[in-house]
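A structural walkthrough
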Amino acid sequence: MIDYEKYKLNGELPFWALLFKKVEKILEPALEYDKTYNIEDVADCILNGTMQLWPTNNSAVVTQVQTFPRMKVLHIFLAGGNLKELETLTPHIQKFAEDMGCRKITLTGRKGWSRTFVTKFNMKPTHYWLSTEV
């Protein structure tokens, strides 16, 4: 659970925090797969500008611009909710990626994501991601 008090400015929650509050329960289950962030970590990243929130009524996407030596990439870090609503976000996310100078949009997730809204980006599998606990 997020302590939203720390995000208040002059006693009010900023607009991004009001939107995040609406969708946090939609996004939180996806964080269980990797456990590298919790929901408050994501809110902190949105606050500091290292992640971007794309909410709809019953869905949300969180992206992250990643800068590598040879290119910028917009990474879809987190997504959840209604797949039709997520699909409506694709042109906006695509335009943001272009405006930020990104040359690719990536997503790492379960195999089933390849059959969802990401098809609108014309995404294709490029590699297989493996992990282990140490």
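Up top you'll find the structure we're talking about.
Here is a short report on the structure shown in this document. This structure is a prediction, so every number in the text was calculated from the model and none was measured. (Residues numbered from 1 in each chain as written. Predicted model: local features only at pLDDT ≥ 70, side-chain atom pairs only at ≥ 80, totals over all residues. Heavy atoms only, no water.)

**Quick word on the sheet that holds strand β2 (residues 59–67)**
What the four strands build is an open sheet, ordered β1-β2-β3-β4; its pairing is mixed. Sheet topology places β1 (52–55) and β4 (102–107) at the edges, where each strand pairs with a single neighbour. In this sheet, adjacent strand axes meet at a mean angle of 25° when their direction is disregarded. Note: β2 against strand β3 (residues 72–81), nine bridges, orientation antiparallel. Across the sheet, Thr63 pairs through a bridge with Ile76, a residue of β3. Against the sheet, helix α1 (residues 15–27) touches β1, β2 and β3, its axis set at about 75° to β1. Here helix α3 (residues 83–99) sits on the sheet and contacts β1, β2, β3 and β4; the angle it forms with β2, its principal contact strand, is near 25°. (Pairing = 2+ DSSP bridges. Helix = DSSP H or I, 4+ residues; strand = E, 2+ residues; numbered from the N terminus. Axes fitted to C-alpha atoms, helices over the stretch in contact; angles between N-to-C directions. Contact = heavy atoms within 4.5 Å.)

**Let's talk about the pairing of β2**
Where β1 lies against β2, four bridges are found, and the strand directions are antiparallel. Within the sheet, the bridge partner assigned to Gln52 lies in β2 and is Thr63.

**Things to note about helix α2 (residues 39–48)**
Residues of α2 that are buried include every one of Ile39, Val42, Ala43, Cys45 and Ile46, and no others. Angularly, the buried residues of α2 cover 160° about the axis, an arc narrow enough to put them on a single face. The inward-facing, buried residues of α2 abut α1, β1, β2 and β3. N-cap assignment for α2: the residue whose side-chain oxygen lies 2.9 Å from the backbone N of Glu40 is Asn38. (Buried < 20%, exposed > 50% of the residue type's maximum accessible area, 1.4 Å probe, protein only. Arc of directions from axis to C-beta. Polar contact = N/O pair within 3.5 Å; in protein donor to acceptor, adjacent residues only side chain to side chain.)

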